[in-house]
Amino acid sequence: MALFNVRVYGILIDEKNRLLVSDEFIRGEYFTKLPSGGLEFGEGTRDGLQREFLEETGLQVSVGSHLYTTDFFQISAFNKKDQIISIYYKVHSNECSKIKTSEKTFDFQPEQINDNTKTAECFRWVSLESLTEDTMSLPIDKVAIQILKQSLAI
């Protein structure tokens, strides 16, 4: 049975005009995406995003304006029976300096990626000047980045 998978994404830009991205190792593949998570039953999108951000990054965020909701059909990259609906919000945090980040893409230790059944995640900042759609791996994230850049007139 096909299902809808609702995902909530946060666009966090720090005081140095950098976007927080997540480099992930999932089922033997590498992805660069925006911090996100699945909406749980009984949760609103903003509450779900705050919970996911805290779980993934350790940061408390306030959820701001809505940026984009998927407006085309997209099958899940991870479960070919799910249609993905992604909702993007701008978020803000006064704790940006607290998150552990790397300057290197996919900065994993060998033991984090030696098992294709495991997942690993690390974060890094990408300057808005160098940010392109191609920075992202997932199709919906690419659209969100295009809209973000247009909204910021970059």
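Residues numbered from 1 in each chain as written. Predicted model: local features only at pLDDT ≥ 70, side-chain atom pairs only at ≥ 80, totals over all residues. Heavy atoms only, no water.

Quick look at the nonpolar core now. In this structure, Leu19, Leu34, Tyr88 and Leu131 are the most contacted members of the largest nonpolar core, which totals 20 residues. Looking at this core, the elements that each hand over two or more residues are strand E1 (3-12), strand E2 (18-26), strand E5 (62-69), strand E6 (82-92) and helix H3 (139-151). The leading source of residues in this core is H3, at four residues. In this structure Leu131 touches Leu19, Val126, Met136, Ile145, Leu148 and Lys149, once residues within four positions along its chain are discounted. Counting 15 residues, the second largest nonpolar core, distinct from the first, contains Leu12, Leu59, Val63 and Tyr89. (Core = buried A, V, L, I, M, F, W, Y, C linked by side-chain atoms within 4.5 Å. Buried < 20%, exposed > 50% of the residue type's maximum accessible area, 1.4 Å probe, protein only. Helix = DSSP H or I, 4+ residues; strand = E, 2+ residues; numbered from the N terminus. Contact = heavy atoms within 4.5 Å.)

Attention shifts here to the packing of aromatic side chains. According to the stated counting rule, one finds seven aromatic pairs in the structure shown. Geometrically, the ring pair formed by Phe31 and Phe78 is edge-to-face, given 5.1 Å between the ring centres and 70° between the ring planes. One end of the pair, Phe31, is in strand E3 (residues 29-33); the other, Phe78, is in the loop between E5 and E6, with 47 residues separating them in the sequence. Judged by its relative accessible area of 30%, Phe78 falls in the partly exposed class. Aromatic side chains Tyr68 and Tyr88 sit 6.1 Å apart centroid to centroid with 35° between the ring planes, which places their arrangement in the tilted category. Of this pair, Tyr68 sits in strand E5 while Tyr88 is found in strand E6, placing the two residues 20 residues apart along the sequence. Taken as a pair, Tyr68 and Tyr88 share a single burial class, namely buried. Joined through ring pairs, the aromatic side chains of Phe25, Tyr30, Phe106 and Phe108 make up one cluster. (Phe/Tyr/Trp six-rings, centres within 6.5 Å; stacked < 30°, edge-to-face > 60°.)

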